[in-house]
Structures are given as C-alpha cells and as structure tokens.
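As a plain string of letters, each chain reads:
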Amino acid sequence: MRETSEEIKELQALLDASLSRSTSHLRSIVTGRTTTAEELIQILTGMCTLALSTVTAKGEPRISGADGHFLHGKWYFGTARNAAKARHLAARPAASVAHMRGEDLGVFTHGTVEILNPQDGEPAPDWPELLAYFKDFYGDDAFDWDDDVVYYRLHPHWMTVYAPDIAKLTAASPS
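Residues numbered from 1 in each chain as written. Predicted model: local features only at pLDDT ≥ 70, side-chain atom pairs only at ≥ 80, totals over all residues. Heavy atoms only, no water.

Chemist: How would you sum up the packing of aromatic side chains? Please name residues and give values.
Modeler: Throughout the structure, instances matching the rule amount to 11 aromatic pairs. An angle of 40° between the planes, with centres 6.3 Å apart, marks the rings of Trp127 and Phe134 as tilted. Each of the two residues, Trp127 as well as Phe134, counts as buried. Measuring from centroid to centroid gives 6.4 Å for Tyr133 and Phe137, while their planes differ by 20°, and the two rings are stacked. Of the two residues, Tyr133 and Phe137 both sit in helix H5 (residues 127-138), four residues apart, roughly one turn of that helix. Judged by its relative accessible area of 38%, Phe137 is partly exposed. These aromatic residues form a ring-pair network of at least three members: Trp127, Tyr133, Phe134, Phe137, Tyr138, Phe143, Trp145 and Tyr151. (Phe/Tyr/Trp six-rings, centres within 6.5 Å; stacked < 30°, edge-to-face > 60°. Buried < 20%, exposed > 50% of the residue type's maximum accessible area, 1.4 Å probe, protein only. Helix = DSSP H or I, 4+ residues; strand = E, 2+ residues; numbered from the N terminus.)

In structure tokens form, the structure reads like this:
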C-alpha cells in the first residue's frame, strides 16, 4: 500500500461525493455494491488494464487500452510519445478511464491528466519515485524512459466503483 492516510481520506471523499451527485439510475445500480477507499486500494494492485477515452480535435471520441497503475489514490498510465492518445491528451487533457473485471468490478473515473515527464519541461516533483516504480515493474531497459514514453496522472473529479462481492475481489487480490 502506497497511500497515506490523507490520500485514503481524499479518495473516500471523492467516491462518496461522486456517488451522491450521480443519476438515480447509477445510484440504483451501485449503492450497496461498491467499495470503500481502503478496499479499493487493496483490490487495484499491480497493473490494471484501462480503457482510456480521449477526444479528437473534431470532438470525436476515441478509446484505447493502457496499462494503468492505481497509486496514491489516482490512476497513472503511459503511452508512446508519438501515439494518437498522447496528441489528444496534450491538446485536450480531459480523460475518462474504466477498469473492468468481468461482472465483478467496474471502476469508472473522469478527470484531467497531468504529464509527469514532459519532453521539453520539468518533470513532476514525484517523477523520480514514480519512475523507479515503473522501472521496477517493467524493467529498467524496457523503454528509453526519457524519449519513448510519456506518463500521466489522472486527477479525478468523479469516480465510482461497482463491486457486488468485495470478499471475492479481496480473496483474488495478490498480497
């Protein structure tokens, strides 16, 4: 667990606020079938495949896959610097991600991305710590970390979780 107690409190406040301002339809599905922030960080360990939604200059939606890592109560993901999604996010940083595990788990998040390692600018203050995590996960020589990949942090303004059987999810989570 990498989250501080303050990050867990912030995540819980986000989950509660998001559900409270959701439609009655969504609340009828999720209420009683969700997780606490503490449970969520126990479930979302390691790499989680994300469906990432961006928007083109013409306002057309695009969806693609990304390796997601849930750290400090936020999603982190990367892509090639020359990928279409990198161009979309540079111009329009609003994004949505979904992580689903069959009918057992759905984590849906809307927010704004921050570029962690801009090619022509200062990296985020915590980039060295995050880079160490990613190198440990993918391997130090998996990429040219300075030139090939760009990483993002999704600052969520809305997040909800559908999880009808917490015990099933926590039993399946790696230790």
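Chemist: With reference to specific residues and values, describe the pairing of strand S6 (residues 149-162).
Modeler: Among the 14 residues that make up S6, 11 are buried, leaving the element largely enclosed by the rest of the structure. Pairing of strand S3 (residues 74-80) with S6, which is carried by six bridges, proceeds in the antiparallel orientation. Note that in S6 the partner of Thr79 across the bridge is Val150. Sheet analysis places strand S5 (residues 105-115) next to S6, joined by 10 bridges and oriented antiparallel. Bridge pairing links Val107 to Val161 in S6. (Pairing = 2+ DSSP bridges.)

Chemist: Which residues make up a negative patch on the surface, and what values do they have?
Modeler: A contiguous patch of negative charge, built from Asp144, Asp146, Asp147 and Asp148, is present on the exposed surface. Structurally, Asp146 is set in the loop between H5 and S6. Relative accessible area serves as the criterion here: at 58%, Asp146 is assigned to the exposed category. (Patch = residues over 30% accessible without salt bridge, like charges linked within 9 Å, V, L, I, M, F, W, Y side chains within 5 Å. Areas by Shrake-Rupley, 256 points an atom, 1.4 Å probe, with all protein chains shown as cover. Salt bridge = Lys/Arg side-chain N within 4 Å of Asp/Glu carboxyl O. Lys, Arg positive; Asp, Glu negative; His and termini not counted. Charge placed at Lys NZ, Arg CZ, Asp CG, Glu CD.)

Chemist: Please give an account of the sheet that holds strand S4 (residues 94-101) that cites residues and values.
Modeler: Pairing in this closed barrel of six strands is antiparallel, and the strands run S1-S2-S3-S6-S5-S4 around the ring. Each neighbouring strand pair of the sheet contributes to a mean axis angle of 40°, computed without reference to strand direction. Examined bridge by bridge, strand S2 (residues 61-71) and S3 share four bridges and lie antiparallel to one another. Counted as the bridge partner of Leu71 is Lys74 from S3. Strand contacts of helix H4 (residues 84-91): strand S1 (47-55), S2, S3, S4, S5 and S6, with the helix running at about 60° to S1, the strand carrying the most contacts. Across the face of the sheet, H5 comes into contact with S1, S2, S3 and S6 while running at roughly 95° to S2. (Axes fitted to C-alpha atoms, helices over the stretch in contact; angles between N-to-C directions. Contact = heavy atoms within 4.5 Å.)

Chemist: Lay out unusual backbone geometry in plain terms, naming residues and giving numbers.
Modeler: Despite not being glycine, His72 shows a phi value in the positive range, around 55°. Inspection of the secondary structure assignment puts His72 in the loop between S2 and S3.

The analysis is restricted to geometry; functional conclusions fall outside its scope.
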